[in-house]
Amino acid sequence: MAKTFSTNQIGKDLLIGVLIAAISIPISMGYAMVAGLPAIYGLYGSFLPILIYGFLTSSPRFVFGVDAAPAALMGALLASLGIEAGSDAAVRIAPMITILVAIWLLLFFLLSANRLLRFISQPVMGGFITGIGLTIILMQVPKLFGGTAGSGEAPELITHIISSAGDGFHVLSFLLGLGTILLILLFRHFAPKIPMSAIVMVAGAVLSAVLPLKEHGVAMLPSVSSGLPAMMVPDFHMLEIEPRTILLSTFTIAVVILSETLLATSNLALKHDDKLNLRREVLAYSLGNAAAAISGCCPVNGSISRSGIADQFGVRSQWMSLAAGLSMMLILLFGTPLFSYLPVPILTGIVISALIGTFEFSLAGKLRKVDRAEHRIFYAALIAVLLMGTIYGVIVGVLLSSITFIVRQSRPKIEILGVDPEEEGYHSLKRKGNYAPIHGVLLYRFSGALFFANITDFEKGLADAVTPETKVIVVDAAGIGSVDVTASLRLLRIYHLYKEKEIRFYLAGHVSAVNAELRAFGAQELIDEGAVRSRISLALRDAGYEKPYLLDPPPKRNEHHAPHISEQSWANGEDAEDHHITYLKKQSKTLKKQS
């Protein structure tokens, strides 16, 4: 509590909280409408939940409240149940949906489910969140030109956009909405510290007060009554509508809140070296959603965009959340009459621009360059969300991640090693440097657990690398952390195979736990006959090879070769030479400046 409510810059943090409340007004109202609720419920969800979270969280700078993903998931759930957005039925069922999410999160807290987060990869979450963002945007597009929000998946939403435009395209509304999006995105790029969403909202209200926008066909937000949210009691009888669908959907919402908010909070904590209690965070999410339920709001989670804004302004404590919650209380008590002057296209533009900020296409771009499998997983999750819905997006992404993990484990890296007489150790022959194989010796590195799915690759790699001159095989097993029964028995067979060919076979450098597994799985003979050694050098010595080793062919000594260049080769791989040239150029410029 002391760290999250530090008094080092209390005045500044309180001002940042007021700013966050101002930014939250249009965004929260828009997301409430996405969730199928009247806009005012977005403000209800930005009052009590943010206060509860601020007092419970271990993060000194993260922002909690109404946000995109849970709102979209609830909106999709209402649509699947046949409940009209903004209706009395939507208002009645919302507390039950949100309290079920809170119960799921409480269960996650009791089971320490934050540990399971490691099984949801960043590409899966990135594709999932981007897919949700695109889906909500497609839902909202008709409201830019005077239509109504759509429902369903991408094909139905695109059809709805086309039909709505055909029924009537209101040009003035479209210009207001599109102008809002372009203005916010422009300032986000060139002046990110300016809270353009709040400024545009105020400007829209002033514009509608001065000009007869309503008379010209521009839709306005309906008027709302002032006052704090009334205490809402969840009506669990509504669970009888479709219990299986509701329970599964609320579970999915809870998983999304857990994973998205924990990932974002952890990333921000790493940036500032904040110490988080992840289990305590899950409890804060649960009780924050319980507060949202009694406020009648949709499920709430951490806001990446608003946390980013608060971070840009240098927030250091949860005095921010206290100020934001109390500011929202004052807005609910005295400021709601002004909302009837807010044009719907402008609010829609604010929501769409906020959703664009949640896209993870930059992550996809990085993955395309370095990991094509993860790149495909990102887009598979995204497309699954667009075409099949949010639940299937998570399922598809997690399944593909699991398959990719299994494939990678079954195909670890295989390298042939050599030595340099002037360097210690054994190094890949693919590295740039003066490395050469030891004459008559195959040094074979296999990096990964050895089990039934990759033992064939291990055996084939050996067979391909053995030459007529090979007299000794030493497997660098430092990367082999475990072996299963299949691998153990195959290793014994490999040992006998090469023994018949008068080739010595050793397994060296592995952890002692591997020896225990070899003994347990029937490969005791490898240990009894000395085929396992704690170090490569001991295996070579046992086979009669002592330093200095006879190399084949002897390396050509490069007078300009230096150990640090070899280190660069190890660190930067194929780009080592380019990195070294860049380094020399920088050094040259530094010397010129100093001279």
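Owing to the predicted nature of the structure, the values given are computational and were not obtained by experimental measurement. (Residues numbered from 1 in each chain as written. Predicted model: local features only at pLDDT ≥ 70, side-chain atom pairs only at ≥ 80, totals over all residues. Heavy atoms only, no water.)

Draft legend 1. Here's a closer look at the overall build of the protein chain. For the protein chain, the helix and strand inventory stands at 24 helices and eight strands. Seen along its three principal axes, the alpha-carbon backbone of the protein chain occupies a region of about 95 × 70 × 55 Å. Taken across its 595 residues, the protein chain has 51% of its residues classed as buried. Charged side chains in the protein chain number 48 positive and 45 negative. The centres of these two groups are separated by 6 Å. (Helix = DSSP H or I, 4+ residues; strand = E, 2+ residues; numbered from the N terminus. Buried < 20%, exposed > 50% of the residue type's maximum accessible area, 1.4 Å probe, protein only. Lys, Arg positive; Asp, Glu negative; His and termini not counted. Charge placed at Lys NZ, Arg CZ, Asp CG, Glu CD.)

Draft legend 2. Spatial organisation of the environment of L342. Turning to its location among the elements, L342 is positioned in the loop between helix 13 (319-334) and helix 14 (344-356). Taking the relative accessible area as the measure of exposure, L342 reaches 2% and is therefore buried. Once the C-alpha coordinates of L342 and L207 are considered, the two residues, 135 residues apart in sequence, prove to be 8.9 Å apart. Beyond its immediate sequence surroundings of up to four residues, L342 is in contact with M201, S208, M220, L221 and L347. (Contact = heavy atoms within 4.5 Å.)

Draft legend 3. A look at a positive patch on the surface. A cluster of basic residues, R368, K369, R372 and R376, forms a positive patch on the protein surface. Secondary structure elements with two or more residues in the positive patch: helix 15 (361-370) and helix 16 (372-388). Turning to its location among the elements, R376 is positioned in helix 16. (Patch = residues over 30% accessible without salt bridge, like charges linked within 9 Å, V, L, I, M, F, W, Y side chains within 5 Å. Areas by Shrake-Rupley, 256 points an atom, 1.4 Å probe, with all protein chains shown as cover. Salt bridge = Lys/Arg side-chain N within 4 Å of Asp/Glu carboxyl O.)

Draft legend 4. The arrangement of helix 4 (residues 68-80) in detail. In this model, helix 4 (13 residues) spans 18 Å end to end at C-alpha, consistent with the 18 Å of a helix rising 1.5 Å per residue. Among the 13 residues in helix 4, ten count as buried, and that is most of the element. Among the residues of helix 4, those classed as buried are A68, A69, P70, A71, A72, L73, M74, G75, L77 and L78. A positive backbone phi angle near 75° is found at G82, which sits one or two residues after helix 4. (Expected span 1.5 Å × (residues − 1).)

Draft legend 5. Seen up close, the pairing of strand 5 (residues 441-447). Where burial is concerned, most of strand 5 is hidden: five out of the seven residues are buried. Two elements, strand 5 and strand 6 (residues 472-476), share five bridges in a ladder whose sense is parallel. Bridged to R445 within strand 6 is D476. Read as a crossover between parallel neighbours, the route from strand 5 over helix 18 (residues 455-465) to strand 6 is right-handed. (Pairing = 2+ DSSP bridges. Right-handed = clockwise from strand over helix to strand, strands pointing away.)

Draft legend 6. View of the confidence of the model for the protein chain. For the protein chain, the average pLDDT comes to 86, and 91% of its residues sit at 70 or higher. Contacts of residues 559-565 to residues separated by more than four positions or lying in other chains number seven contacts, the stretch itself having pLDDT below 50. (pLDDT = per-residue confidence, 0-100.)

Draft legend 7. Layout of the state of the cysteines. Per the stated rule, a full pass over the model turns up zero disulfides. Free of any disulfide, C297 has its nearest neighbouring cysteine sulfur in C298, separated by 3.8 Å. Here C297 falls in the buried class, since its relative accessible area comes to 0%. Taking relative accessible area as the criterion, C298 reaches 0% and is therefore assigned buried. (Disulfide = S-S within 2.5 Å.)

Draft legend 8. Molecular detail of the packing of helix 10 (residues 243-272) against helix 11 (residues 278-294). In contact at an axis separation of 11 Å, helix 10 and helix 11 are set at 130° when each is read in the N-to-C sense. Relative to helix 11, the element helix 10 is oriented oblique. Considering how the two elements wind past one another, helix 10 and helix 11 form a crossing that is right-handed. Between helix 10 and helix 11, the contacting residues are I257, L258, T261, L262, T265 and S266 on the first element and L278, E281, V282, Y285 and N289 on the second. The residue makeup of the contact of helix 10 with helix 11, split by class, is six nonpolar, four polar and one charged. (Axes fitted to C-alpha atoms, helices over the stretch in contact; angles between N-to-C directions. Parallel < 35°, antiparallel > 145°, perpendicular 65-115°, else oblique. Left-handed = near helix turned anticlockwise from the far one by under 90°. Nonpolar A, V, L, I, M, F, W, Y, C, P; charged D, E, K, R; others polar.)

Draft legend 9. Seen up close, empty space enclosed by the protein. This structure, assessed with the given rule, holds one cavity of 30 Å³ or more. If you trace the largest cavity, you find it lined by I20, A21, S24, S46, I50, F64, G65, R306, A324 and M328. Contributing elements (two or more residues each) for the lining of the largest cavity: helix 1 (10-34), strand 1 (64-65) and helix 13. For the lining of the largest cavity, the element with the highest residue contribution is helix 1, accounting for three residues. In terms of residue class, the lining of the largest cavity is built from six nonpolar, three polar and one charged. (1 Å grid on protein atoms, 1.4 Å probe; cavity = no way out; pocket = protein on both sides within 12 Å on 5 of 7 lines; lining within 4 Å. Points joined across faces, edges and corners; volume = space filled by probe spheres on them.)

Draft legend 10. Just the pattern of salt bridges, in detail. Evaluated as defined, the whole model comprises 13 salt bridges. The salt bridge involving D476 is made with R445; its shortest N-O contact spans 3.0 Å. Within this pair, whereas D476 is found in strand 6, its partner R445 is found in strand 5, the two being separated by 31 residues in sequence. According to the relative accessible area criterion, D476 is buried, its value standing at 9%. Its salt-bridge partner being D542, residue R533 comes within 3.2 Å of it at the nearest N-O pair. Of the residues examined, R533 reaches a relative accessible area of 27% and is grouped as partly exposed. Look at D542 and you get partly exposed, because its relative accessible area is 32%. Counted as one network, the salt bridges with shared partners bring together E415, R445 and D476.

Draft legend 11. Spotlight on the packing of aromatic side chains. Taken as a whole, this structure holds 17 aromatic pairs when the rule is applied. Ring geometry for W104 versus F251: centroids 5.0 Å apart, planes at 75°, classification edge-to-face. Within this pair, whereas W104 is found in helix 5 (residues 88-110), its partner F251 is found in helix 10, the two being separated by 147 residues in sequence. Of the residues examined, W104 reaches a relative accessible area of 23% and is grouped as partly exposed. Measuring from centroid to centroid gives 5.8 Å for F108 and F251, while their planes differ by 80°, and the two rings are edge-to-face. Pair noted here: F108 is in helix 5 and F251 is in helix 10, with a separation of 143 residues, a long-range link. One aromatic cluster in this structure is built from F359, F361, F378 and Y379. (Phe/Tyr/Trp six-rings, centres within 6.5 Å; stacked < 30°, edge-to-face > 60°.)

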